[in-house]
Each structure stands twice: as C-alpha cells, then as structure tokens.
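Commentary on secondary and tertiary structure
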Amino acid sequence: MAEQLSLLNSATSSKNDSQPTHQSLKNVQPLAYRMRPRKIEEVIGQTDLIGDGKPISMMVAANTLSSMLLYGPPGIGKTSIAQALAGSTNRRFIYFNAANGTKADLQNALAVANTEPIVLFVDEIHRLDHPKVDLLLASVEDGSVTLIGATTENPFINLPPALRSRMVIYELKPLTKDEILTGLKQALNDSDRGLGKYETAKKIDDSKLTYLADRTNGDLRLALSSLEILVKSGVPFDEEHIDATLGAGASKIDNGEDGHYDTIAWYCEAIKSSDVNAALLALGVLLNGNDMESAIRRIEVGLFEDIGVANIDLWAPVIDALQVARDVGLPKAQSVLSAVTVAMSLSPKANASTKAIEFAREDAAKDDWQQPDMTRDMHYKGALSLGHGVGFVSAHQFPEHFWGKGLMPKGMENKTYYRPDTKAEAKFRQINDGLRAKMYPNTPKTKPLSSDERGCGPKK
C-alpha cells in the first residue's frame, strides 16, 4: 500500500472508551483507490505503454525501471501505473504531493532509498519548487531513486529542463468507453475490494453501465466514484441518477477515444474553414470535458499549419495568450481561448509553407542528389582540399545582402517547394518570384499550388 509522507499521515491519535467507534479505513477509502492495480498486468488501458514489447512492460520484464513522467488528463491511471510498477518490481512505493509536501518529507523519502529500492511517486510534479528539484536531481541521476512524476500540464513548458532531461516522458491517453466499462465491471464483480457483496450491484443493466462510461470523459476515477454512490445508496441505476452523481464533472457528448479525437478534429476544421461559431461550439465541448490542453495544442499547431505566413502578426499575440490561459487555468482561461479562437477563425489562411516542407521532405528522403560542395562545412583543417566551401561567398558582402547564386543541388534547379497562391501571401509571392528569377534565370516560373496539392480537394 502506498505510503504518503506528510505530517497528517505521520500523526497518531489515541483512542479511549469514551470516544465513538469510527469506521475502518478500508470502509471509507474510495472505490477507485481500493481497485488500484497491484501488478502491471492489472492496469486498464494505455496499451501503447503496457503489453508485449511495450516500454513499461519491458522495464518490468527486465526488473529495471527508468525514472519517468506520466502526462495526461485526470483519472486515467497515472498513480495506478506507478503503484503497479512498484508492485511488479518489489519496490517500496512512496507517494509525495508536490503541492503540499515539504522539503523534510522529501528528505525522509530519499533516506528510505538508502536502505531499500523505492519508487518515489511525485504527484503534480510541475509544482515542485527549485529547492525540492535540486534535492531530487542527484538521486535521480545516480539511480538510487526511481522517480515517477505525474502531471496534467505540458511537461515541455511547465517542468524544469534539468529534471525533465532525466526522465522518460510518456503521454497517457483518455481511456476508451470499453476500457471504462472493463474497470466498472471489475469493481462490480470484486467482492473483496469492489462492490460484489452488494445485491444492487448484480442488477445493473448493461446499457446504463454503458451510459455511465460514455458520460465520464475517459476518467475511470470519476466513473468508479459515481458507481459506488449509486450502488451503495440503492437508488435506481438510471440516467437521471447517473447525471446527478456526476454533476458538472463530465460532458454529455461522447468523449471516449473516438469522440475525443472527433471533437478535436471538428475544432481544427472549423477554425481552418473560418466557421467561428462551429469552432466555439467545439471548444465548448472540449472545455466542458476539462480538456483545455487539447484545445491549446491544436491552436499552437493551427497557427502555423493553417494560418502560416498569411498573418504573421497574429503569431506572437496568440502564443502570449496561450501562456496566459495556462497561467490562469479554467474557468478564467475560457475567455482567453474564446478570443484566440475568434481571431484565428477570422484570420486570413494559407498553407503553402506547410505544404512546402512536405514536398521538401519527400525529395530529402531520396538518394539521387548531392548537396553542393560549396555549401559543405569548411571549419576544419583540410576541408578546402576536399573542395568543401570553395566558391561560396557570403550574401552579406553585397549591398542588397543577396548573392544571386542558387544553392539547390545539381539537377534540382527546377524544384519549387514554396508556392504561395493566396492574396494574403502576395508580398511573399512577389519576393519569392523575384529572388528565384535572379537565382535561376532559365527555369520556369513558379506555379501556384493546385487544390489537390493544397489538400483542399474533395476527400475520396
């Protein structure tokens, strides 16, 4: 069982005959806590990480754990995986919450590591302050502690680089409806840790259990909490009572694996198509499911993928706004994301720069061309004798900072990757065409992208 290092848990209380008898700890522990997997084989979902040939399963088979960061939304198994890893590898599991754990608590945990192997699970690891990070670094570096961190925040933005570089980052996905159903049925059938001893648990209609799984947005902890209340209270297991137990914590729209990615796709396509109302509705679905990060990540991608150089002036304000959204969090962040969604939906769009790198990568993967010798590295002794860098002249030596000699490989002078075709890119098209005419005077003019090349043709 997990050991939580905190003043609260270390305190002891005396009991005398005049005090009322309290419930046992097991009776008040939430169902989700009682049903946590004891071994890695019992973990539900996360098949990209757990299973034959998958990274976490390989660690267990080798009995060699790497420090890792588990990143994803709430209730999808971050703590469960950490505890199961400790159980499968016979290591002591110690829980530490970065939000309220003290430096002394952390020192106590590291002291345990001097006598036995431990898995130190740091919940909300993005909230670790610098002194605690410094305390952890040496132990993580030398392997005396297997650190497993959990966060719902983007680790590439919210975690100190020194700590992040010492951990393998695994992104966990929301559980599918079927995976949620598996967890619910396990709890209903388990008479020891679960709800199997209750008569009401044996009378639940499968369709209503499916409805509960649909409503919990990939969050197994939320689903189990609702199930426990419904079974123990003895109320009818119907949609009305399921909704009542869930409150505002779940969305009525299917946000299982398919629904989740369908909503994200809808949001992206609405912004791309300049349908601001559809984009706002899709954003509303994501925010009702507490999935602010998915919206932010799609905005970050769409800013460059769909708007591109058509509206460079929008880049910096959007990036700054997304940081504000992360800083303030929901519900206040909804105003920020709404403003960004409106601005991006109504912005000029262009994807010529996105298509350009796709075309360039196709050619880069081929082996029928050679980089021009004049562009090769020449910083080392002997480079000139190989012809590397010979003939190259810096463009900055000329008044217009333009040399006039193209640097495409021989035989590829006619290749054009960036082919702007929108009014919003008129300035870039003019610059591109003028420079190309000077560099490659005998090559055909650049043709704009066709609708098929832009990816805008009808899907078949």
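Residues numbered from 1 in each chain as written. Predicted model: local features only at pLDDT ≥ 70, side-chain atom pairs only at ≥ 80, totals over all residues. Heavy atoms only, no water.

Naming follows an unreviewed UniProt entry, where the protein appears as Recombination factor of Secundilactobacillus silagincola. According to UniProt, the comment filed for the protein under the heading Sequence similarities (unreviewed entry) is "Belongs to the AAA ATPase family. RarA/MGS1/WRNIP1 subfamily." (UniProt positions renumbered as here; feature names shortened; annotations may be inferred.)

Within the protein, the regular secondary structure consists of 20 helices and six strands. Across its three principal axes, the protein shows a C-alpha extent of roughly 100 × 55 × 40 Å. Within the protein, the fraction of its 460 residues that count as buried is 44%. Looking at charge distribution, the protein has the averaged site of its 52 positive side-chain charges lying 3 Å from that of its 58 negative ones. (Helix = DSSP H or I, 4+ residues; strand = E, 2+ residues; numbered from the N terminus. Buried < 20%, exposed > 50% of the residue type's maximum accessible area, 1.4 Å probe, protein only. Lys, Arg positive; Asp, Glu negative; His and termini not counted. Charge placed at Lys NZ, Arg CZ, Asp CG, Glu CD.)

Most of strand 3 (residues 92-97) is tucked away: five of the six residues are buried. Of the crossover connections in this fold, the one passing from strand 3 over helix 6 (residues 103-112) to the parallel strand 4 (residues 118-123) is right-handed. (Right-handed = clockwise from strand over helix to strand, strands pointing away.)

The next thing to look at is the packing of aromatic side chains. How two aromatic rings sit relative to each other is set out by the distance from centre to centre and by the angle between their planes. Evaluated as defined, the whole model comprises three aromatic pairs. Plain terms: the ring middles of Tyr95 and Phe121 are 5.8 Å apart, the flat faces sit at 40° to each other, and that makes the pair tilted. A residue pair is termed long-range when its members are at least 10 positions apart, and Tyr95 in strand 3 and Phe121 in strand 4 qualify at 26 residues. What makes Tyr95 buried here is its relative accessible area of 14%. Taken together, the aromatic side chains of Phe93, Tyr95 and Phe121 make up a single cluster linked through ring pairs. (Phe/Tyr/Trp six-rings, centres within 6.5 Å; stacked < 30°, edge-to-face > 60°.)

On to the pattern of salt bridges. Summed over all chains, the structure comprises 19 salt bridges. One salt bridge in this structure joins Glu42 and Arg38, with 3.4 Å as the shortest N-O distance. Between Glu141 and Arg166 there is a salt bridge, with its nearest N and O atoms 2.7 Å apart. In this pair, Glu141 sits in helix 7 (residues 130-142) while Arg166 sits in the loop between helix 9 (161-164) and strand 6 (168-171), placing the two residues 25 residues apart along the sequence. Overall, Arg166 belongs to the partly exposed group, its relative accessible area being 31%. (Salt bridge = Lys/Arg side-chain N within 4 Å of Asp/Glu carboxyl O.)

What follows is about the domain arrangement of the protein. Many authors give the size of an interface as the accessible area that is lost as the parts come together. Assigned domains of the protein: these are domain 1 (46-171), domain 2 (177-246) and domain 3 (258-349). Here the C-alpha centre of domain 3 lies 34 Å away from the C-alpha centre of domain 2. (Domains from an automatic or database assignment.)

Moving on to the packing of helix 12 (residues 220-233) against helix 13 (residues 239-246). Where helix 12 meets helix 13, the axes come as close as 9 Å, and the angle between the chain directions of the two elements is 120°. It follows from the interaxial angle that helix 12 and helix 13 lie oblique. Note that helix 12 runs across helix 13; the crossing there is right-handed. Residues Leu222, Ser226, Ile229 and Leu230 of helix 12 lie in contact with helix 13, whose contacting residues are His241, Ile242, Thr245 and Leu246. (Axes fitted to C-alpha atoms, helices over the stretch in contact; angles between N-to-C directions. Parallel < 35°, antiparallel > 145°, perpendicular 65-115°, else oblique. Left-handed = near helix turned anticlockwise from the far one by under 90°. Contact = heavy atoms within 4.5 Å.)

This part covers the nonpolar core. In terms of nonpolar packing, the biggest core is built from 51 residues, with Ile40, Ile56, Ile81, Leu85, Leu184 and Leu227 touching the most fellow members. With seven residues, the single largest contributor to this core is helix 12. For this core, the two domains that each supply at least three residues are domain 1 (46-171) and domain 2 (177-246). When neighbours within four sequence positions are excluded, Leu184 is seen to be in contact with Leu209, Leu212, Ala213, Ala223, Leu224 and Leu227. In this structure, Leu303, Ile307, Leu322 and Leu337 belong to the second largest nonpolar core, which totals 27 residues. (Core = buried A, V, L, I, M, F, W, Y, C linked by side-chain atoms within 4.5 Å.)

Another point: the side chain of Lys349. With respect to the secondary-structure elements, Lys349 resides in the loop between helix 18 (333-345) and helix 19 (352-364). In this structure Lys349 is buried but unpaired, with Asp306 as the nearest side chain of opposite charge at 8.1 Å. Among the polar contacts made by the side chain of Lys349, one reaches the side chain of Ser274 at a distance of 2.9 Å. At a separation of 3.0 Å, a polar atom in the side chain of Lys349 contacts the main-chain carbonyl oxygen of Met344. Not counting residues within four places of it along the chain, the set of residues in contact with Lys349 comprises Ile271, Lys272, Ser274, Asp306, Ile307, Ala310, Met344 and Thr422. (Polar contact = N/O pair within 3.5 Å; in protein donor to acceptor, adjacent residues only side chain to side chain.)

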